[in-house]
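Coordinates in review
Read off the chains here:
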Amino acid sequence: MARQKGPLKYVGTLGDIRHFKIKGNEGYFAGLTGGPTAEQIATDPAFQRTRENMNEFGGCAMAGKSVRVGLASLMKNMADSQVTGRLTAIMKKINLEDGSEARGKRAVLISAVPNYLKGFDFNRFTSFNGAFNAPFTITPAGTRDSSTLDVPAFNPLNYLNIPAGATHFRIINAISVLSDYEFNTTTKVYEPKEASLNELKDVQYSAYLPVDSVTSLVSLVATLPGSPTMTTDVSVLNSIGIEFYQEVGSNYYVFAQGNALKISEIF
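Take the nonpolar core next. Core analysis: the biggest nonpolar cluster contains 29 residues, and Leu-74, Met-91, Val-108, Leu-117 and Phe-122 have the highest contact counts within it. Elements represented by at least two residues in this core include exactly helix H2 (48–70), helix H3 (72–78), helix H4 (83–96), strand S7 (168–179), strand S8 (181–184) and strand S15 (260–266). For this core, the element with the highest residue contribution is H4, accounting for 5 residues. The residues contacting Val-108, other than those within four sequence positions of it, are Gly-59, Cys-60, Ala-63, Met-91, Ile-94, Asn-95, Asp-180 and Tyr-181. Formed by 21 residues, the second largest nonpolar core is a distinct cluster that contains Phe-128, Leu-149, Phe-244 and Ala-260.

As a further point, take the environment of Pro-192. For Pro-192, the location among the structural elements is in strand S9 (residues 189–192). For Pro-192, a relative accessible area of 25% puts it in the partly exposed group. It is 5.6 Å that separates the C-alpha atoms of Pro-192 and Ser-179, two residues lying 13 residues apart in sequence. Pro-192 has contacts with Ser-179, Asp-180, Tyr-181 and Asn-198, leaving out every residue within four places of it along the chain.

Glancing now at the sheet that holds strand S5 (residues 137–140). Within the open sheet, the 3 strands sit side by side as S5-S6-S12. Their pairing is antiparallel. Only two strands of the sheet have a single neighbouring strand rather than two, namely S5 and strand S12 (218–223). Taking the axes of each pair of neighbouring strands and ignoring which way they run, one obtains an average angle of 15° across the sheet. Alignment of strand S6 (residues 146–151) against S12, held across 6 bridges, turns out to be antiparallel. Each residue of the ladder has a partner; that of Leu-149, found in S12, is Leu-220.

Moving on, we get to the packing of aromatic side chains. Given two aromatic rings, one states the distance between the centres and the angle between the planes to describe the pair. Applying the stated rule across the entire model yields 11 aromatic pairs. Centroid distance Phe-169 to Phe-244: 6.5 Å. Interplanar angle 50°. Geometry classified as tilted. Placement of Phe-169 in strand S7 and of Phe-244 in strand S13 (residues 234–248) is noted, with a sequence separation of 75 residues between them. Residue Phe-244 is classed as buried on the basis of its relative accessible area of 0%.

Turning our attention to the pairing of S15. Within S15, 6 of the 7 residues are buried, leaving the element largely enclosed by the surrounding structure. One ladder, built from 6 bridges, connects S13 with S15; its direction is antiparallel. Counterpart to Ile-242 in the pairing with S15 is Ala-260.

What follows deals with the pairing of strand S14 (residues 251–254). Taken together, the 4 bridges between S13 and S14 define a ladder with antiparallel strand orientation. Paired with Tyr-245 across the strands is Val-254, a residue of S14. Between S13 and S14, which follow one another and run antiparallel, lie 2 residues, and Gly-249 among them has a positive phi close to 65°.

Scanning all chains against the criterion turns up 5 salt bridges. Arg-106 is paired through a salt bridge with Glu-56; the nearest N and O atoms lie 2.8 Å apart. Here Glu-56 lies in helix H2 and Arg-106 lies in the loop between H4 and helix H5 (128–131), a separation of 50 residues in the sequence. The shortest N-O distance in the salt bridge between Lys-193 and Asp-233 comes to 3.5 Å. A residue pair is termed long-range when its members are at least 10 positions apart, and Lys-193 in the loop between S9 and strand S10 (201–205) and Asp-233 in the loop between S12 and S13 qualify at 40 residues.

The rules behind these values
- Residues numbered from 1 in each chain as written.
- Predicted model: local features only at pLDDT ≥ 70, side-chain atom pairs only at ≥ 80, totals over all residues.
- Heavy atoms only, no water.
- Core = buried A, V, L, I, M, F, W, Y, C linked by side-chain atoms within 4.5 Å.
- Buried < 20%, exposed > 50% of the residue type's maximum accessible area, 1.4 Å probe, protein only.
- Helix = DSSP H or I, 4+ residues; strand = E, 2+ residues; numbered from the N terminus.
- Contact = heavy atoms within 4.5 Å.
- Pairing = 2+ DSSP bridges.
- Axes fitted to C-alpha atoms, helices over the stretch in contact; angles between N-to-C directions.
- Phe/Tyr/Trp six-rings, centres within 6.5 Å; stacked < 30°, edge-to-face > 60°.
- Salt bridge = Lys/Arg side-chain N within 4 Å of Asp/Glu carboxyl O.

Fair warning: the whole summary comes from geometry, so function is off the table for now.
Pasting the structure below:
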């Protein structure tokens, strides 16, 4: 694939060369047109490996989407433009760990290797550890349906990377359920093993806290709705985040930059 460096900026096909943009990347790109047809990929024995890879990629994309859906209310202010691809790539690593199924049908068993997701920053340009350095503890319930985030009193000026103009911030404790995914030989698609639990969530915010005053203890309890019973086929993602605001009159306006969210614990 080539990158255009000259003054011509356009997309589309010119002769055998296709010109296009890639989301999240600067500049314009070019590549040759052509390749196998959709029918060839779907039926030709030579493309068996391609079909297997496409099948598993679809399952990994679905699992990654469930992470984003479980935290949908936070994605606008917390995620970068490439978070979808980054999550799918992690799910593919998890998919490759399954040795019990044939290629093209390998499961996405997050519960077996949760370490791949632990510590994931939703914005690769603003890490949570870079925005927030105060001590905190996360205590999940034994039933795995709730979690308590405790942040002892601290001075924000010493422990936060505060964007210019911010007057307040809020701390976030979020839990969301992510099911393992498996290939359904009847429907020929990947499906969550625990559909009724998948994507359940709860997000709790602290009060608006001034950036120039020592905080009191912050304790946030996130609880899944309906008192669900967790199974071994699901993982509970416990994410911690911070959002910055500017106070104008009696209103608080969230900043577009400086906010951060990461998966801190998985239980």
